[in-house]
Amino acid sequence: MGFSEADWQAIWLTLRLASTVTVLLLLIGTPIAWWLATTVSRWKGPLAALVALPLVLPPSVLGFYLLLLMGPSGPVGKLTGALGLGTLPFTFWGLVIASIFYSMPFVVQPIQNAMESMGRRPLEAAATLRAGPWDRFFTVVLPLSKPGFVSAAILGFAHTVGEFGVILMIGGNIPGETRVVSVQIYDYVENTEYARAHWLAGSMLLFSFAVLLSVHLFRQRDARSAIGVLGR
Amino acid sequence: MSGDIDARFQLAWVEGEDDGFSLDIDVRIPGRGITAIFGPSGSGKTTLLRCIAGLQRADRGHLRVGGETWQDRRHFLPAHRRPLGYVFQESSLFAHLTARGNLDYAIRRARPAPAREQAERVVALMGLAPLLDRRPQQLSGGERQRVAIARALLVSPQLLLMDEPLASLDAARKQEIMPFLERLRSGFDLPILYVSHSVDEVARLADHLLVLERGRLVASGPLSQVLGRLDLPLRLGEDTGVVLDGRVLERDAHWGLARVAFDGGELWLRDSGDTVGQGIRVRILARDVSLALESHSDTSILNRLPATVVEMADDADRAMLLVRLRIAGKERESDVVARLTRRSVDHLRIAPGKSVWAQVKSAAIVK
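Keep in mind the model is a prediction, meaning the values are calculated, not measured.

Caption draft 1: Representation of the overall build of chain A within the structure. If you tally the helices and strands in chain A, you get eleven helices and zero strands. For chain A, the succession of helices and strands along the chain, N to C, is α-α-α-α-α-α-α-α-α-α-α. Referenced to the eigenvectors of the C-alpha coordinate spread, the extents of chain A come out at roughly 65 × 45 × 25 Å. Evaluated residue by residue, chain A yields a buried proportion of 47% over its 232 residues. Intrachain contacts of chain A at a sequence separation of at least 6 include 72% that bridge at least 24 residues. A total of about 11,500 Å² of accessible surface is found on chain A, and carbon and sulfur atoms cover 70% of it. Averaging the positions of the 15 positive and the 11 negative side-chain charges in chain A gives two centres separated by 16 Å.

Following this line, the structure appears as structure tokens:
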């Protein structure tokens, strides 16, 4: 039977969403991870907990609050409305923002772990070699944390692909705009189209397995750095 | 660099159940040669070095190096602005770069950048040519430290700080690196602060010595003077002894011996292959010096030197005494220390001012 045109549309949308979110998360997550890895501030605990919340929070709860925030009467919604951007729920960019929150811990934690396992010594060595703070960050911290970044990118991407609850809460079910693979599968099951559901569900299963296997193999290859959410 | 280093640091921290640690030091360090910072572990050697490097901030600190202020009440020059090189205890090479990449990291940031010949000279001096394309993980501990030393030299430092660079190596690797460190001393006009808790390293390398204990400076001065002091709380035990700077006068090929002159006298030592006229350093351990009231020729001991007892002090071992002897020549003089049993001292009625013969059973050329 294979994939229908609607399936392909959902797959394409899912990949587009996951890629966008992964790129943005690497940009946002890196400074957060660096701050968490190095700070001695008393705000470290609260921020770390905030970042980790999606690990334990039901997606519907996260989606509910994001919906309120970004809706027409929420503070974010009012702002985007005033800026002429409309409201974000039920749009692709609404999903992107929700997914950034939802997948944040899967990106921040591997990077943070890699940065922490690096220790202070390479930074001190770089300082005695005349490297200033920014120089040290780009020439020492980033390359030495590379395994963490690879894990973070793979896990962030995969976790966004596997999203369902938050998307349903905030994006609904609009073909080509917010109907991702997981939602498509849900629709098939609702309509008892099990054969179609099998195609997509089976593909997701294989995809997820392949992703986790690749993280494992990558980590084995680079066993020096203790990284990753899964390893904890 | 001309000009001395004036360092004054005070810092304290409290740790768990321990009494914590405090450092309170005010010292002037010569701006040339190798100054060893010596002391037992926990005495604050590394902390002092890190304060000088700017890697650690003292609560109160004042640091002037060669006329430039690196730290005072208002200013704190961050580590990356201080013209120094630092060799850490264990290798601190960047794991993501090859040996060459590590050296380039320093060369690119050096002010002034080292000339190409200078870089090649450092690579040759440290014997790195065959190692350049390897990654740190593919190098032995000794090789890694050689790369780390070269990297610190290539950043064009005005001051080189070394924190027990041999401590993480086994005895064989230490012997492998030592010649490179000696080349460092002779090959560069660069003041070096060398942290160590090994008397052997200090005796071989240092020109000056700072002795630290529990965060306080207990002695500082030229190596031979400090090592010859008996009042140091420094308990070296079997390692107690002095070093003398000397010069090879002649070599006796038949017996494999060399005649070495030092301030105040001469010694016959096992020939270590040094050429006549070469400056060498001789280490005489206190346990290898015995005393006699007359010069005996019916003894196997080759070196018998007329000496005067200067002072005596208790040894950590209650059966033993340390005796400082002055060996005086026409113009110059040197001190050696003998470690004797109290019983012998009593028996021979040894006391300050007494003339004796110092019998040096063995002495080693350490460089």
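Caption draft 2: Inspection of the packing of aromatic side chains at higher detail. The tally for this structure, following the rule as stated, stands at eleven aromatic pairs over all chains. Pairing Phe3 of chain A with Trp8 of chain A gives two aromatic rings, centres 5.1 Å apart and planes at 85°, and the pair type is edge-to-face. Cluster of aromatic residues (ring-pair linked, three or more members): Trp34, Trp134, Phe137 and Phe138 of chain A. Above the ring of Phe76 of chain B, the side-chain terminus of Arg82 of chain B is found at 4.9 Å from the ring centroid. It is Arg109 of chain B that lies over the ring of Tyr105 of chain B; its NZ or CZ is 3.6 Å from the centre.

Caption draft 3: Representation of the pattern of salt bridges in the model. All told, the structure shown has 30 salt bridges over all chains when counted by the stated rule. Between Glu124 of chain A and Arg121 of chain A there is a salt bridge, and its shortest N-O distance comes to 3.6 Å. Of the two residues, Glu124 of chain A and Arg121 of chain A are both situated in helix α6 (residues 121-128); the distance of three residues between them amounts to about one turn of the helix. With a relative accessible area of 7%, Glu124 of chain A lands in the buried category. The class of Arg121 of chain A is partly exposed, set by a relative accessible area of 26%. Salt bridges sharing partners connect three or more residues here, namely Arg120, Arg121 and Glu124 of chain A together with Arg50 and Glu90 of chain B.

Caption draft 4: The arrangement of the packing of α6 of chain A against helix α7 (residues 133-144) of chain A in detail. Residue and element names in this part refer to chain A. Contact pair α6 / α7: the axes reach a minimum separation of 10 Å and the direction vectors enclose 150°. With respect to each other, α6 and α7 are oriented roughly antiparallel. Read as a crossing pair, α6 and α7 show a hand that is right-handed. Mapping the contact onto sequence places Pro122, Leu123, Ala126 and Ala127 in α6 and Arg136, Val140, Val141 and Leu144 in α7.

Caption draft 5: Main features of a nonpolar patch on the surface. A cluster of nonpolar residues, Leu50, Leu53, Leu55 and Val56 of chain A, forms a patch on the protein surface that exposes about 380 Å² of accessible area. Judged by relative accessible area, Leu50 of chain A falls into the exposed class, the value being 55%.

Caption draft 6: Here's a closer look at the confidence of the model for chain A. With 95% of its residues at a pLDDT of 70 or more, chain A shows a mean pLDDT of 90. Here residues 224-232 of chain A scores under 50 on pLDDT; set against residues more than four positions off or in separate chains, the count is 28 contacts.

Caption draft 7: Structural detail: unusual backbone geometry. With omega at -5°, the peptide bond leading from Arg111 of chain B into Pro112 of chain B counts as cis. Look at Phe90 of chain A: it is not a glycine, yet its phi comes out positive at around 65°. With respect to the helices, strands and loops of the structure, Phe90 of chain A is situated in the loop between α4 (75-82) and α5 (92-118). For Phe90 of chain A, a relative accessible area of 43% corresponds to the partly exposed category.

Caption draft 8: The sheet that holds strand β18 (residues 333-341) of chain B, seen in detail. Residue and element names in this part refer to chain B. Across the sheet, which stays open at both edges, the five strands sit in the order β15-β19-β16-β17-β18 with antiparallel pairing between neighbours. Strands at the two margins of the open sheet, each flanked by one partner only, are β15 (289-292) and β18. Neighbour-to-neighbour, the strand axes of this sheet turn through a mean angle of 45°, independent of strand direction. In this sheet, strand β19 (residues 355-360) lies alongside β15 in antiparallel orientation, the contact comprising four bridges. Note on β19: the bridge partner recorded for Ser290 is Gln359.

Reading the values: rules and limits
Each chain has its residues counted from 1, following the order in which its sequence is written. As a convention, the first chain written is A and the first ligand written is 1, with the rest following in written order. Restriction of local features to residues with pLDDT of at least 70 applies here, the model being predicted, together with a cutoff of 80 or more for giving and counting side-chain atom pairs; totals for whole chains, interfaces and linings are based on all residues. Only hydrogens and water are removed before side-chain values are computed, so all heavy atoms of the structure are retained for them. Runs of E in the DSSP output that reach at least two residues are strands. Runs of H or I that reach at least four are helices, and both are numbered from the N terminus. Per-residue accessibility, obtained with a 1.4 Å probe over protein chains only, is compared with the maximum for each type, and a residue is labelled buried under 20%, exposed over 50%, and partly exposed between these values. Note on definitions: a residue-residue contact is assigned when non-hydrogen atoms from the two residues lie within 4.5 Å. For the area figures, the Shrake-Rupley method with a 1.4 Å probe applies, and any residue is considered shielded solely by the protein chains shown. Within this scheme the basic residues Lys and Arg register as positive and the acidic residues Asp and Glu register as negative, but His and the chain ends are omitted. The atoms used to mark charge sites are NZ of Lys, CZ of Arg, CG of Asp and CD of Glu. Only Phe, Tyr and Trp rings are paired, with Trp represented by its six-membered ring, and only when their centres lie within 6.5 Å; those with planes under 30 degrees apart are stacked, over 60 edge-to-face, the remainder tilted. Both a distance and an angle decide whether a charge sits over a ring: NZ of Lys or CZ of Arg must be within 6 Å of the ring centre and within 35 degrees of the ring normal. Any carboxyl oxygen of Asp or Glu within 4 Å of a side-chain nitrogen of Lys or Arg constitutes a salt bridge here. For helices, the fitted axis covers only the stretch in contact; all axes are lines through C-alpha atoms, and the angles between them, taken along N-to-C directions, range from 0 to 180 degrees. Working definition: roughly parallel below 35 degrees, roughly antiparallel above 145 degrees, roughly perpendicular at 65 to 115 degrees, and oblique for all remaining angles. Left-handed is the label given to a crossing in which the near helix is rotated counterclockwise from the far helix by less than a right angle, and right-handed is the label when the rotation is clockwise. The patches reported here contain residues having more than 30% relative accessible area and no salt bridge. Joining distances are 9 Å for like charges and 5 Å for nonpolar side chains (Val, Leu, Ile, Met, Phe, Trp, Tyr). Along the chain, pLDDT gives the predictor's confidence residue by residue, from 0 to 100. Whether two strands pair comes down to DSSP finding at least two bridges between them.

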